[in-house]
Amino acid sequence: MSQTLSVDRSAELSLADARRRSQQLEAGFLADPGGYRVLTGDRPTGPLHLGHLFGTLHNRVRLQDLGVETMVLVADYQTITDRDSPASLPRDVEELLADYLAVGIDPARSTIFAHSQVPALNQLMMPFLSLVSVPELARNPTVKEEQAAAGLSTASGLLFTYPVHQAADILFCHGNVVPVGKDQLPHVEITRVIARRFNQRYSPDTPYFPEPAALLSDAPVLLGTDGQKMSKSRGNAIAIGASEDETARLIKAARTDAIRQITYDPRARPAVSNLVLLAALCLEREPHDLAAEIGGGGAAGLKQTATEAVNERLRPIRARRSALIEDRGYLREVLRTGTAVANEMAAGTLADVQRLMHTAY
Ligand code: TRP
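Quick notes on the rules
Residues numbered from 1 in each chain as written. Predicted model: local features only at pLDDT ≥ 70, side-chain atom pairs only at ≥ 80, totals over all residues. Heavy atoms only, no water. Buried < 20%, exposed > 50% of the residue type's maximum accessible area, 1.4 Å probe, protein only. Helix = DSSP H or I, 4+ residues; strand = E, 2+ residues; numbered from the N terminus. Pairing = 2+ DSSP bridges. Right-handed = clockwise from strand over helix to strand, strands pointing away. Near = heavy atom within 4 Å. Polar contact = N/O pair within 3.5 Å; in protein donor to acceptor, adjacent residues only side chain to side chain. Areas by Shrake-Rupley, 256 points an atom, 1.4 Å probe, with all protein chains shown as cover. Core = buried A, V, L, I, M, F, W, Y, C linked by side-chain atoms within 4.5 Å. Contact = heavy atoms within 4.5 Å.

### A short note on the pairing of strand S2 (residues 69-74)
So, point 1. Burial runs high along S2: five of the six residues are buried.
So, point 2. Direction of pairing for strand S1 (residues 37-42) relative to S2: parallel, over a ladder of six bridges. Bridge pairing in S2 places Thr-40 opposite Val-72.
So, point 3. Taken together, S1, helix H2 (residues 50-66) and S2 constitute a β-α-β crossover, and its handedness is right-handed.
So, point 4. Running through helix H3 (residues 89-103), the crossover from S2 to the neighbouring parallel element strand S3 (residues 110-114) is right-handed.

Structure follows, in structure tokens:
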């Protein structure tokens with residue numbers, strides 16, 4: 001009992017800490033955008049959805065547009081932490097690239113790459129693994145949750161160690177800002193630990209790796225159409241690239257409640273409030289105002305407003321996406337170019353690491 005309490009409390013403290021650091025970063029971006037290198041990424045396990053759009057993608061584009069250097073990672077090796085690599089992967093990666101470019105990630109300003117194609121990045125996993133203990137890895141709550149969610153009775157070696165691989169993703173390019181959701185905080189923490197220990201052991205006079213900060217999004221969390229966590233595997237997510245008809249169908253089937261008057265009250269009425277939030281985000285309106293406006297229109301009125309709002313908001317993004325997905329040659333070229341940049345950075349970092357670790361012969 002007391003142990004549970006202390007674990008919860010330390011999680012809360014580190015969340016408060018991460019929030020504070022995130023706020024300081026925002027001020028820093030405005031004052032000195034060139035002082036930061038952002039690294040973010042996604043597993044190519046399916047099309048990105050509206051939760052991604054409002055949770056992280058808009059923020060990436062915003063940082064890119066502020067002039068902050070942005071590295072965007074296609075985390076293909078992470079897909080095999082809990083499943084086999086599917087034959088559909090090349091297509092899945094193209095879909096992800098189309099999502100990125102359609103929402104405004106600009107390959108002329110941001111570097112998009114796949115980590116399986118960057119050997120020197122992967123080689124950093126060796127020294128990094130030597131800097132963490134088995135109990136430290138075994139404590140990671142996100143890894144435990146992912147193992148449970150995948151229905152696995154035990155973790156593969158890669159699932160167990162992937163947070164260390166993620167540290168290599170971040171540190172190979174000296175990323176110092178990692179925009180993430182709360183679930184990723186343990187991984188950013190292990191990255192900070194690895195950077196600190198590497199510096200202490202191998203570069204005590206001038207720290208070689210930065211200790212990256214998590215940048216938490218202040219966007220409200222969008223749930224799926226069933227009121228649960230939005231996720232492709234639950235069939236409750238509206239993909240960015242979904243058609244207008246599919247969007248209408250998903251929203252029509254969304255859960256609501258029996259109260260006719262529409263209000264925004266996420267605690268008492270999570271499902272209805274989530275649809276209000278969805279429409280409000282798309283319309284850039286305040287959710288309480290929008291709910292009041294729908295008022296006695298009931299679930300039908302709410303769904304109509306939400307469907308129109310989503311389809312209207314996504315129309316230009318979807319038009320760009322359709323054109324991009326037809327041009328596979330271009331998508332591959334974007335990835336090849338970004339991967340070449342990443343390879344150059346990784347080779348430089350690995351050479352430095354080998355020198356610092358006395359393994360350059
Ligand atoms: N683990 C992240 C996810 O599941 C994806 C990811 C891989 C990542 N490497 C990263 C995110 C490095 C931030 C930084 O969404």
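### Points about the site of the ligand
So, point 1. Looking at the ligand, the residues that line it are Leu-39, Gly-41, Arg-43, Leu-73, Ala-75, Gln-78, Gln-166, Asp-169, Ile-170, Val-178 and Gln-184.
So, point 2. Residue Arg-43 places a side-chain N or O atom 3.0 Å away from an oxygen atom belonging to the ligand.
So, point 3. Take Gln-184: an N or O atom from its side chain is 3.0 Å from a nitrogen atom of the ligand.
So, point 4. Protein chains shield 88% of the accessible area of the ligand, which is 360 Å² for the free molecule.
So, point 5. Among the elements of the structure, S1 and helix H8 (157-171) are those that each provide at least two residues to the shell around the ligand.
So, point 6. It is H8 that contributes the most residues to the shell around the ligand, three residues altogether.

### Focus on the nonpolar core
So, point 1. Judged by nonpolar contacts, the single largest core of 52 residues is most densely connected at Leu-50, Leu-53, Val-74, Tyr-100, Ile-112 and Leu-278.
So, point 2. When contributions to this core are tallied by element, the ones reaching two or more residues are H2, S2, H3, S3, helix H11 (270-283), helix H12 (287-294), helix H13 (298-326) and helix H14 (328-356).
So, point 3. Filtering out sequence-adjacent residues up to four positions away, Val-74 remains in contact with Asp-42, Pro-44, Val-93, Leu-96, Leu-97, Tyr-100, Ile-112, Phe-113, Ala-114, His-115 and Leu-335.
So, point 4. Formed by 42 residues, the second largest nonpolar core is a distinct cluster that contains Met-71, Val-118, Tyr-208 and Leu-356.

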